[in-house]
Amino acid sequence: MKKYTIAIHGGAGTLVKGNMTSEKEKAYRDSLELALTNAYALLENGGSAMEVVEEAVVQLENSPLFNAGKGSVFTSTGTHEMDASIMDGSNLKAGAVTTITGIKNPISLAKDVMLHTEHVFLAGGGAMEFAKSLNYEILDPSYFHDDLRYQQWLSIRDTDGFQLDHSTRDSKFGTVGAVALDQAGNIAAATSTGGMTNKRYGRVGDSPMIGAGTYANNLTCAVSCTGSGEYFIRGVVAYEVSALMEFKGLSLDEAASEVINQRLLKIGGDGGLIAVDVHGNVTMPFNTEGMYRAMMTSEGVKKVSIYKD
């Protein structure tokens, strides 16, 4: 029997054990477990890696606990601007959207960019025009409103500052993503985010950028990142993992550890990633106190974690 595997993340950052109530910790674990088991059921029933990563991210986007979809943070003008990307390792096709509003599941729109256009990356008004052409429902801003996110924004909205969602201990944490290896031996990756609180000027992070926040190639691995986006862009982090495997012969674990614990730290970046290779190996390194993460394999291995083991 061929191996198949899925891994998901809900953001990395200042997750100090003991700082979170047991109720809140259980809520995060339950949300991760729900996304994991639903996506794994699809994988087990022969679903493609692309279908599986989309399903996992949709589940996380629908939870107000994570900074993506329903739980997206507020921009400097009190709106929600969301980003997402997805990539198919079997053919290197990809789709991405950025600074979109009112879309319940940005990851599905990113996939439609890949499937129904000749492009990879659509932004802002153009992405919204494309969504409307496919009859996407544009939801009222009230759907995305969350009191904790709102208070987070109010505390800094009259300043020039912005706040990485994973940088404060009492806030909800982040960017979501998924990687998978299916029964046909193909891999895929997907990432979705609401960006950073109080962001201005149409700021775009690494999540929708192929090669920075998301990458998949059947020759090597599938990667989804989370953390300080500007540094992940500068380090071309997702592709860097693949390149170290392809050109230096490193294992998945070696390549991911080198990038997160050496190269990213060297330029001042923090965060983590999840990755899977075509042999079913999984790695989930991070250089912060914690990262919401989970994985499940056809060999019966299952893990749902928040803190360092």
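Relevant structure appears above.
The rules behind the values
Residues numbered from 1 in each chain as written. Predicted model: local features only at pLDDT ≥ 70, side-chain atom pairs only at ≥ 80, totals over all residues. Heavy atoms only, no water. Helix = DSSP H or I, 4+ residues; strand = E, 2+ residues; numbered from the N terminus. Buried < 20%, exposed > 50% of the residue type's maximum accessible area, 1.4 Å probe, protein only. Contact = heavy atoms within 4.5 Å. Areas by Shrake-Rupley, 256 points an atom, 1.4 Å probe, with all protein chains shown as cover. Expected span 1.5 Å × (residues − 1). Pairing = 2+ DSSP bridges. Axes fitted to C-alpha atoms, helices over the stretch in contact; angles between N-to-C directions. Disulfide = S-S within 2.5 Å. Parallel < 35°, antiparallel > 145°, perpendicular 65-115°, else oblique. Left-handed = near helix turned anticlockwise from the far one by under 90°. Nonpolar A, V, L, I, M, F, W, Y, C, P; charged D, E, K, R; others polar.

A. The arrangement of the overall build of the protein chain in detail. Tallying secondary structure elements over the protein chain gives eight helices and 12 strands in all. The buried share among the 309 residues of the protein chain stands at 58%. Across the protein chain, every contact between residues at least 6 apart in sequence was considered, and the portion connecting residues at least 24 apart equals 68%. Summing over all exposed atoms, the protein chain offers an accessible surface of approximately 12,200 Å²; the carbon and sulfur share of this is 49%.

B. Layout of helix α8 (residues 252-266). Helix length check: α8 (15 residues) gives 20 Å between terminal C-alpha atoms against 21 Å at 1.5 Å per residue, within 8%. Tucked into the core, α8 has its buried residues touching β8 (221-227), α6 (229-234), α7 (237-248), β9 (271-277) and β10 (282-283).

C. Spotlight on the sheet that holds strand β2 (residues 82-88). With mixed pairing, eight strands are arranged side by side in an open sheet as β4-β3-β2-β6-β5-β1-β11-β12. The sheet terminates laterally at β4 (121-123) and β12 (302-307), the two strands that pair on one side only. Direction aside, neighbouring strands of the sheet carry axes that sit 5° apart on average. Pairing of β2 with strand β6 (residues 187-193) involves six bridges; the strand directions are antiparallel. Note that in β6 the partner of Ser-85 across the bridge is Thr-191. In the packing of helix α2 (residues 49-61) onto the sheet, contacts are made with β1 (5-13), β2, β5 (176-181) and β6, and the angle to β5 comes to roughly 155°. Against the sheet, helix α4 (residues 124-133) contacts β3 (93-100) and β4, and its axis sits at roughly 105° relative to β4.

D. Examining the state of the cysteines more closely. Applying the stated rule across the entire model yields zero disulfides. Cysteine Cys-221 shares no disulfide, and the gap to the nearest cysteine sulfur, in Cys-225, comes to 9.8 Å. Residue class for Cys-221 comes out buried when judged on its relative accessible area of 0%. On the basis of relative accessibility, which here comes to 0%, the residue Cys-225 falls in the buried class.

E. View of the packing of α7 against α8. It is the contact of α7 with α8, at a shortest axis distance of 8 Å, that shows an interaxial angle of 135°. Classified by the interaxial angle, the pair formed by α7 and α8 is oblique. By crossing handedness, the relation of α7 to α8 is classed as right-handed. For the pair formed by α7 and α8, the contact residues are Val-237, Glu-240, Val-241, Leu-244 and Met-245 on the first element and Leu-252, Ala-255, Ala-256, Glu-258, Val-259, Ile-260, Arg-263 and Leu-264 on the second. Of the residues assigned to the contact of α7 with α8, the class counts are 10 nonpolar, no polar and three charged.

F. Local environment of unusual backbone geometry. Unlike most non-glycine residues, Thr-99 shows phi in positive territory, near 45°. Considering the arrangement of structural elements, one finds Thr-99 in strand β3. In the Ramachandran plot, Asn-135 falls in the positive-phi region, its phi being about 65° despite a non-glycine side chain. Structurally, the position occupied by Asn-135 is in the loop between α4 and α5 (147-154). Given the relative accessible area of 70%, Asn-135 is considered exposed.

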